[in-house]
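An overview of the molecular structure
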Amino acid sequence: MTQGSTEKRTRCAARAAWLFGALAAVPAVAPGLSPEPRWHEPAYTRRLVAEPGPLRGAPLLIVAPPGTPIEPERGLVAIDPGGRSRPVEFVGSLDGAPALRVGPTGRTDGRWAVYFAPDPDTEPPRPADLPASPPFRVDHRRLQVATLPNTWDRFWFMLHQADPVGSPGLAMPGNPLGFERRRGPRGRQSFAFAARLQGYVEIDASGLHRFALEAESPAWLLVNGEPAAEAGLRVAPRGIGDPGPPVFLAKGVHRLEIYAAIAGRDAVSLHWIPPGSASPEPFPVERNVAPDRSAHVRLERRDRTLHPDFTFEVLRAYAFRRLPGRFYETQFRDASATWLTPGLRLAWRFDGAPSDGPAEGAEVTHVFRRPGPHRVALHARDALGFAAAIERVVEVPDQPPEVHALSARLADVPAVAYPDDPVAPLLRLVGRVPRRLRFRIEWEQDRADGRTVHGSAEVMPGETGAEIPLPAGVAGETRALRWRVLHAGAVLIEEEVRFLAPPFETAPARVDGDALFDRHGTRLVLLPHRSRAGYRQPPITPVEAFGRILVVDDTLFGPAHASRAVAPRLDGELARIVDGPDLPIVRVATPSPWTRHPEALGPLVLLAEAERILAEDPPDVVVLSVGLRERAAGLDPGAFERRAAALSDLLSATWGHRVLWITPPPHGASPEARAYAQAVRRVADARAMPVADLFTAFMGEPPGGPALVRDGQPALTDEGHRRAAIVVARALLAQARETP
């Protein structure tokens, strides 16, 4: 053996001897609770450490963790915070866990300890019997109402809206479960109250039980949190209400709660129908175990130096307006005991998963997504490397939520873009939420090269909102963008944006703001092609030119012809010029006014209406004369060009209609009219679509000429309609003549 290995073994032996001595010197109890009764060692190897509830001077119910090896009537000694022995007895089980009755608690703050030994041969001294205790703990709130609530939902809401009352104003008369409201000065009645009576009772045999309440005002009974009886909901003489449904109660301890709305000299009494009985009888007060339960219990062993434990408090429930889910914010605090070294590393897990927020530290706040029982685990490790864990089931009660406003919208994503247009999406969260609330933003980008890019961010929008940039680039690089807003692991808002190249897989059906959506609610970004390298429309055939023609117009049929149905119009003149045996049939469709869609960006409405307009009478050729409203509103010609290109690809490349474009006449000869006409020609030229160039045809028209309305209105005169029909017919027939 080498000298180095010998020295190493010597050091390890010395460290082991030191650690053994440290463990031997560890006291049996933590500081602040250090009785030294001779019986605690070695027989009493385990103990329960409990925090008393707020009620003083009455026996306390201590519920041990499930599986705690406590033998009834054997091996139990209770020690109060002052180190004195107190009465203790095993009273059965509550929710499958051993239940002990100790006390009375007195007015001394601090922790209680109950020592026990798994060895049934250990027989401790037996202290005196426990004294009788008040049957129920009473909590009450003042109701600022004129009439008492007569439904459970209304009562529950009002109970949580009311403020606690410092002085009860309630008396406990001869009936242990009865109470009445005291009168105010000079016989006047004080405010009404909402009261809760809570206690724990022992059932000595399993079976079906029924309960009934006697009350004048509305009252409800809950057994183990489930409704069991109600009374006083109707105006009737005082009496015992109808018994509630049968409730199976196993042998052991059960929780009873009475909720009552109190007005006047009211009283509530509890009755029951035990197994084998047929009529209600007063509930026996001697079955009461304790009016209060320990708020916190920890199980410790002398052969372990580290005892993880925690306390918790449900802070509040909240929800978001018009969004799914309800949330329960709960605070957890470390209550671990370590006998060797301070400073613990703590990690938390909730329902088998890590917290969505900070999951380490002595105090964490977790948000549950539902009430009821939840599994909470705390893992602790000290500086010496000792590790231990505890898992408990905590009960989160339901309660009316606070309601906050929150919405999210994807901005800076155009509904229509050329593939080489830059796009920098920005997700905006707006609303008014508490600053402490965190939200997780997740997104996925499906790229044109087949890759999928993922990303996420944590935000706390508070009252000012938040902006989160999503992947930027050019529009043609993206095939789909999915984003979602999560809170406490729940998806609040989510959206998919699809970037579609022609022929479009799906058509727009709805406009919301500046966004297009299909009929399934998926947001769309249309990517029409810009150059001749894209889709090119087949020529218009003679059959199509002499067939059904639809003029989609918001430019030619202006106010001058609003009330002159018999006046010459382009549709009638066009049908006369392009003459056939029975055809063509020319009809006009005018896009709906933007004022009918106040929630939508007006220039996008036609894209969403196109399918409906064409479905009424499917045409062979669609003549497009649009852009007047955009030009009158001063909208950018470049944006008009992109929407015109998308409309062209929707009608022709997607649905197979032949399209003929009309450039807008030069009303007023404004520069904007020229820019819009040039945009139409670029769109049509890139798709080999014919163009009826009214802008050029009417460009030489003098200001007072016969074609354009003289008073400046953007419309054609009768002569203007005749000349426009000739220009359209020439463009239509020219391509039809060239078609073999």
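The structure contained in this document is the topic of the report that follows. (Residues numbered from 1 in each chain as written. Predicted model: local features only at pLDDT ≥ 70, side-chain atom pairs only at ≥ 80, totals over all residues. Heavy atoms only, no water.)

1. Here we look at the nonpolar core
- Judged by nonpolar contacts, the single largest core of 40 residues is most densely connected at Leu526, Leu624, Leu651 and Trp661.
- Of all the elements in the fold, those that place two or more residues in this core are β43 (523-526), β44 (548-553), α5 (605-616), β46 (621-625), α7 (637-654), β47 (658-663) and α8 (671-686).
- Excluding residues that lie within four positions of it along the chain, leucine 624 makes contacts with Val552, Leu647, Leu651, Val659, Leu660, Trp661 and Ile662.
- Counting residues in hydrophobic clusters, the runner-up holds 34 residues, among them Leu323, Phe327, Ala488 and Leu527. (Core = buried A, V, L, I, M, F, W, Y, C linked by side-chain atoms within 4.5 Å. Buried < 20%, exposed > 50% of the residue type's maximum accessible area, 1.4 Å probe, protein only. Helix = DSSP H or I, 4+ residues; strand = E, 2+ residues; numbered from the N terminus. Contact = heavy atoms within 4.5 Å.)

2. Observations regarding unusual backbone geometry
- Residue glycine 103 is joined to proline 104 through a cis peptide bond whose omega torsion reads 0 degrees.
- Mapped onto the elements of the fold, proline 104 is located in the loop between β6 (97-102) and β7 (112-116).
- Going from proline 502 to proline 503, the amide bond is cis rather than trans, its omega being -5 degrees.
- Considering the arrangement of structural elements, one finds proline 503 in the loop between β40 (490-500) and β41 (510-512).

3. Focus on the sheet that holds strand β45 (residues 585-589)
- Spatial strand order, β45-β44-β46-β47-β48: five strands in an open sheet with parallel pairing. Taken across any chain shown, the strands that pair with only one partner, and hence form the sheet edges, are β45 and β48 (691-693). With direction set aside, neighbouring strand axes in the sheet form an average angle of 20 degrees.
- The strands that helix α4 (residues 570-577) touches are β44 and β45; relative to β45, the one it contacts most, it runs at about 165 degrees.
- Packed onto the sheet, α8 meets β47 and β48 and runs at close to 160 degrees relative to β47. (Pairing = 2+ DSSP bridges. Axes fitted to C-alpha atoms, helices over the stretch in contact; angles between N-to-C directions.)

4. Concerning the pattern of salt bridges
- Counted by the stated rule, this structure contains 47 salt bridges.
- The closest approach of N and O atoms between arginine 375 and glutamate 391, which form a salt bridge, is 3.2 Å. With a gap of 16 residues between them, arginine 375 in strand β30 (residues 372-382) and glutamate 391 in strand β31 (residues 387-396) connect regions that are remote in the sequence.
- In this structure, a network of salt bridges that share partners links the residues Arg409, Arg510, Asp512 and Asp514. (Salt bridge = Lys/Arg side-chain N within 4 Å of Asp/Glu carboxyl O.)

5. Focus: the environment of histidine 454
- Here histidine 454 lies in strand β36 (residues 452-459).
- Note on histidine 454: relative accessible area 56%, which makes it exposed.

6. Section: the packing of α5 against α7
- Contact geometry of α5 with α7 gives a least axis separation of 10 Å together with a crossing angle of 30 degrees. Classed by the angle they form, the pair α5 and α7 counts as roughly parallel. For the pair α5 and α7, the sense of crossing is right-handed. When α5 is examined against α7, the residues Leu606, Leu607, Ala610 and Leu614 are found in contact with a partner set consisting of Arg643, Ala646, Leu647, Leu650 and Leu651.
- Residue composition of the contact of α5 with α7, grouped by class: eight nonpolar, no polar and one charged. (Parallel < 35°, antiparallel > 145°, perpendicular 65-115°, else oblique. Left-handed = near helix turned anticlockwise from the far one by under 90°. Nonpolar A, V, L, I, M, F, W, Y, C, P; charged D, E, K, R; others polar.)

7. Focus: the environment of glycine 244
- Mapping glycine 244 onto the fold places it in the loop between β15 (226-231) and β16 (247-249).
- The class for glycine 244 is buried, based on a relative accessible area of 7%.
- Taking the C-alpha atoms as reference points, glycine 244 and histidine 209, separated by 35 residues in sequence, lie 9.4 Å from one another.
- Each residue touching glycine 244, except ones within four places of it in the same chain, is listed here: Arg210, Phe211, Ala228 and Ala229.

8. Here's the deal with α7
- With 18 residues, α7 extends 24 Å between its outermost C-alpha atoms, agreeing within 8% with the 26 Å of an ideal straight helix rising 1.5 Å per residue.
- Within α7, 15 of the 18 residues are buried, leaving the element largely enclosed by the surrounding structure.
- Here α7 starts with a cap whose side-chain oxygen sits 3.2 Å from the backbone nitrogen of glycine 638, and that cap is aspartate 636.
- Just downstream of α7, glycine 656 is the residue with a positive phi angle, here 80 degrees. (Expected span 1.5 Å × (residues − 1). Polar contact = N/O pair within 3.5 Å; in protein donor to acceptor, adjacent residues only side chain to side chain.)

9. Here's the deal with the environment of serine 625
- Here serine 625 lies in strand β46.
- When sequence neighbours within four positions are dropped, the list of residues in contact with serine 625 reads Val552, Asp553, Asp554, Thr555, Leu556 and Ile662.

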